[in-house]
Amino acid sequence: MRAVDIIIRKKQGFPLTKEEIHFLIDGYVKGTIPDYQMSAFLMAVCFVPLTEEEQYYMTMEMLQSGEQLDLSNINGICVDKHSTGGVGDKTTLVVGPIVASFGLKLAKMSGRGLGHTGGTLDKLESIPNFQINITPQEFFKQVNEISIAVVGQSFNMVPADKKLYALRDVTGTVESIGLIASSIISKKLASGAKTILLDVKVGDGAFMKDKKSAIELANAMVKLGKKNNRQMIAVLTNMEEPLGRMVGNSLEVIEAIETLKGNGEEKFTELCYELSSELLIETKICKSKEEAYQKIKEKIDNKEALEKLRQMINYQHGNSNVIDDYSLFPQVKYKIDVPSLKTGYVRMLKAEEIGHCAMLLGAGRKNKEDKIDYAVGIVLNKKVGDFVHQGDSLCTIYSQTRDIQEIINKIQTIYQIEDNNKNNMPIILEIIR
Ligand code: URA
C-alpha cells in the first residue's frame, strides 16, 4: 500500500477501506507517513467528506492508537459530558457537581483552552493550589468516594488525535464534520463512560456556525457512540452570545459557584438544568423532565450540589474557602466599566469577539505555551435583549493595566445596539439521541 494512492483515491471520491485507514493512521502515529502526506489527505477529506463507514474506521483506529480508561473499578453509573467549546462555557463546573450529588460518577479528563475559548482545566487552576494532575490511584479513589473528579490527561489516550489535531490546526483542516466527530468520539470512548452527553455549540462562537451543520455533527457523533454500545445524547445549544455573564478563568468559577448557590443567570441556569436532567433521565434516576428539574432544584436549594464542588476542590488539594470568599481568588488591579455609546436594545454580542477580547486581556492563550492570567476577564452587565441607556455600563473589564482603550473601543462595536428588541434566541435548540 502507498499513502499517495490512498490520497488520490479519496480525492477521486472512492470510499476507503478499513485497511487503508489503518495504514494511514497507524503509519502517521509511527512516523512512517510524513506530515505533508497526512495534510494532503486531511485536505482531501475537507472536500470529499468521510462516509459514515470511514468515520467509524477512523474513530476506531484513533481509539486503538493509545490507552483506554477502564472504569470497571468504579462502583456506580459512569457518565461523561463534553462540550464542543464556547465562550464563557463553565457548564461542567455546575453540571458535574449536580449529577454527582445524585450519585452518578463523573470521571472526567478535561482540556485546556486555545484561542477564544477557555478550557475547564485553566478555570479550575484559578482556584489556589488546585491540582489537575493526580495519580490514577487517587483519581479512581476520588470518583469512588465523592463521585466526581475533573483532571488533566494523565493517560496516553488517543495519541493519534493529539498529532492529527495539531496538524489540522495549522493546515486549515479542522472544520470537517467527519474529522471533528472521529476526534471527539475517539476520546470519549477512550474515557470509558457508558453514558455520554454532548453539548454541541451552534453559532458565532462555535465550530458549527449554523444549526444544519451542528445537527449533522451531532448525528455523526451519536451514531459513532451508539455503534460502540454507549448511550448517547447530543444537545444543540446557542453560542451566538457568550454563555452566562462572566468570561475569564476565576470569574467563570465564581459564576459556576453562584449558579450552584441558586443565583445563576437565567439562560445559563436553564442550560445546566437541561443538561443535568438529560443525564438523570438517560440513567433512569429520574423518569421525566419535570421530576428531574424539581430534584435538581432541591439539590441546589439544600446545597448538596455546591458541597460536591467543595469536596472536589478539597480532594484535589485546592482551597475550597474560595466558595465563601471570592477575595481568595487571584485579583486584578483595575475594574473598568465600558459605557454604552447609544440608547437601545442589545441586538448582538458576538461570542467569538468577546472571547478574543478576554484573550487579549490575558485570560486565554494565543499560543500553546502562553501563560494566562487567572484574574482578568469581562463581566457582561448587558446581554442580548437588554435595554441600555447611553452611558450605562455594558460590561466591566477586569484588567491588570489601565492601558486597554483599544479593547474598550472594540467592545463598544461588538455590542450592537438598535432601537427595536430582537426575539431572544432560545438556549436549547435541539436534542438528538
Ligand atoms: N474538539 C475536538 O476535540 N476535536 C475536534 O476536531 C474539534 C473540536
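See above for the structure.
Residues numbered from 1 in each chain as written. Predicted model: local features only at pLDDT ≥ 70, side-chain atom pairs only at ≥ 80, totals over all residues. Heavy atoms only, no water.

### Observations regarding the overall build of the protein
Alright, step 1. Helix and strand counts for the protein stand at 16 helices and 13 strands.
Alright, step 2. Against the globule reference of 22 Å for 433 residues, the protein gives a C-alpha radius of gyration of 22 Å, in line with a compact fold.
Alright, step 3. In terms of its C-alpha atoms, the protein occupies a principal-axis envelope of roughly 65 × 45 × 40 Å.
Alright, step 4. In the protein, which comprises 433 residues, the proportion classed as buried is 57%.
Alright, step 5. Of the contacts made within the protein by residues no fewer than 6 positions apart, 79% connect residues no fewer than 24 positions apart.
Alright, step 6. Accessible area of the protein: about 18100 Å², with a carbon and sulfur share of 49%.
Alright, step 7. Distance from the positive charge centre (54 side chains) to the negative charge centre (56 side chains) of the protein: 2 Å. (Helix = DSSP H or I, 4+ residues; strand = E, 2+ residues; numbered from the N terminus. Rg over C-alpha atoms; globule rule 2.2 N^0.38 Å. Buried < 20%, exposed > 50% of the residue type's maximum accessible area, 1.4 Å probe, protein only. Contact = heavy atoms within 4.5 Å. Areas by Shrake-Rupley, 256 points an atom, 1.4 Å probe, with all protein chains shown as cover. Lys, Arg positive; Asp, Glu negative; His and termini not counted. Charge placed at Lys NZ, Arg CZ, Asp CG, Glu CD.)

### Regarding the packing of helix 5 (residues 92-101) against helix 12 (residues 266-282)
Alright, step 1. Between helix 5 and helix 12, the shortest axis-to-axis distance is 9 Å and the interhelical angle comes to 40 degrees. When the axes of helix 5 and helix 12 are compared, the pair comes out oblique. Viewed along their axes, helix 5 and helix 12 form a crossing whose handedness is right-handed. The residues of helix 12 that touch helix 5, namely those facing Val94, Val95, Ile98 and Val99, are Phe268, Cys272, Leu275, Ser276 and Leu279.
Alright, step 2. Residue composition of the contact of helix 5 with helix 12, by class: eight nonpolar, one polar and no charged. (Axes fitted to C-alpha atoms, helices over the stretch in contact; angles between N-to-C directions. Parallel < 35°, antiparallel > 145°, perpendicular 65-115°, else oblique. Left-handed = near helix turned anticlockwise from the far one by under 90°. Nonpolar A, V, L, I, M, F, W, Y, C, P; charged D, E, K, R; others polar.)

### Quick look at the pattern of salt bridges
Alright, step 1. Enumeration over the complete set of coordinates arrives at 29 salt bridges.
Alright, step 2. A salt bridge links Lys123 to Glu252; the shortest N-O distance between them is 2.8 Å. One end of the pair, Lys123, is in helix 6 (residues 120-124); the other, Glu252, is in helix 11 (residues 249-260), with 129 residues separating them in the sequence. Of the two residues, Lys123 and Glu252, both sit in the buried class.
Alright, step 3. The partner of Glu145 in a salt bridge is Lys141, with the nearest N and O atoms 3.4 Å apart. Taken as a pair, Glu145 and Lys141 lie in helix 7 (residues 136-146) at a separation of four residues, close to a single helical turn.
Alright, step 4. On the accessibility criterion, Glu145 (42% relative accessible area) is partly exposed.
Alright, step 5. A cluster of three or more residues bridged by salt bridges with shared partners is formed by Glu274, Glu278, Glu282, Lys289 and Arg433. (Salt bridge = Lys/Arg side-chain N within 4 Å of Asp/Glu carboxyl O.)

Without other data, these values stay purely geometric and don't point to any function.
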